[in-house]
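Each chain is listed here by its residues.
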Amino acid sequence: MRTLGVVTTSFPQNDADMAGRFVHTLLCSQRTNEAVEVLAIGRHNESVWHQGMRITRVASRGLFDADGAPEVWDRSHGRQRVAVAAEALRVTAALTRSVSVHARSWHAVQSHWLVPSALAVALAAPALFHTAYVHSGDVAWLEAAPGGDRLARWLLARVNEVVCVSPSLAARVHALVGTEVELNLKVQAMPVDASLFRPQTQSASEPPQIVLGVGRLVPIKGFDLLVLALGGLAPKFRPSLVLLGEGPERARLAALAHRVGVRLQMPGVVSPSSVRGWMQQAAVCVVP
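Residues numbered from 1 in each chain as written. Predicted model: local features only at pLDDT ≥ 70, side-chain atom pairs only at ≥ 80, totals over all residues. Heavy atoms only, no water.

Asks: How would you sum up the pattern of salt bridges? Please name residues and give values.
Replies: In the structure shown here, the tally under the stated rule is 10 salt bridges. The residue Arg90 makes a salt bridge to Glu87 at a minimum N-O spacing of 2.9 Å. Within this pair, Arg90 and its partner Glu87 are both found in helix 3 (residues 78-102), separated by 3 residues, close to a single helical turn. A network of salt bridges, in which partner residues are shared, links Asp149, Arg153 and Glu180. (Salt bridge = Lys/Arg side-chain N within 4 Å of Asp/Glu carboxyl O. Helix = DSSP H or I, 4+ residues; strand = E, 2+ residues; numbered from the N terminus.)

Asks: Lay out the sheet that holds strand 3 (residues 46-50) in plain terms, naming residues and giving numbers.
Replies: Strand order in the open sheet formed by 8 strands is 3-4-2-1-5-6-7-8, with mixed pairing between adjacent strands. In this open sheet, the two strands that pair with only one neighbour each are strand 3 and strand 8 (185-187). Across the sheet, the axes of successive neighbouring strands diverge by a mean angle of 20°, strand direction being ignored. Looking at chain direction, strand 3 and strand 4 (residues 53-59) are connected through 5 bridges and run antiparallel. If you follow Glu46 over to strand 4, its bridge partner there is Arg57. Packing of helix 1 (residues 21-30) onto the sheet brings it into contact with strand 1 (3-8), strand 2 (35-42), strand 3, strand 4, strand 5 (108-112) and strand 6 (129-134), and relative to strand 5 it is tilted by some 150°. (Pairing = 2+ DSSP bridges. Axes fitted to C-alpha atoms, helices over the stretch in contact; angles between N-to-C directions. Contact = heavy atoms within 4.5 Å.)

Given below as structure tokens:
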């Protein structure tokens, strides 16, 4: 039986863990007769079986926790930033070693997030057919990091297929690498579980009662834009906003919602079953 390798920073560690759940949903939607082996970042080094997939985790000390690696990097300074950089290098090296061991049985590989996942594949298994899924966080980091454009060109020149999760992200990737690298680039949104959503029952002319956002409360998620957009509606058409997740933007979002007159609830981190319940209550789920 052929084996597909998947290298990712985020992958659910339990039923209450939302991190990387879209990667899991993508794999489930693609399932064929081939085996799937996942290498992911986790809190501990471990190897487990879950839903027919072998999942091997490389331990990280705080780099890929609740706030996410880009946010950890952005708020670090001085010696703390040196420590973050050292941990990033250590994790990348450990992931690369893991790829070199496990890739011997793979016929192809998918990576999610260019750094460190696609980088580990390019270093350890350059001969494999490599599909790199590009998300907003890694592109934002490459755009901001010194030499990020050079790293992106070197890396994407070694990828067989680049999949961006939105057209705007594809445009940013093109701008980042310029004309020096010819990309086999596709745009494909991450799949969602359609059972999470209920059919629309209200009239299109009725204002929605609840608008929902789900994700870490960090700047890159753009929830401030969602608050401002709702605040720009006339009060009689303005729905309530519910944001599921936790993060350092909580206080700023609450203050912004109060200033622009948006009714905002932030229940924090909730279980997947609670996310499902909120999605079935909401009229609109927005990813800003």
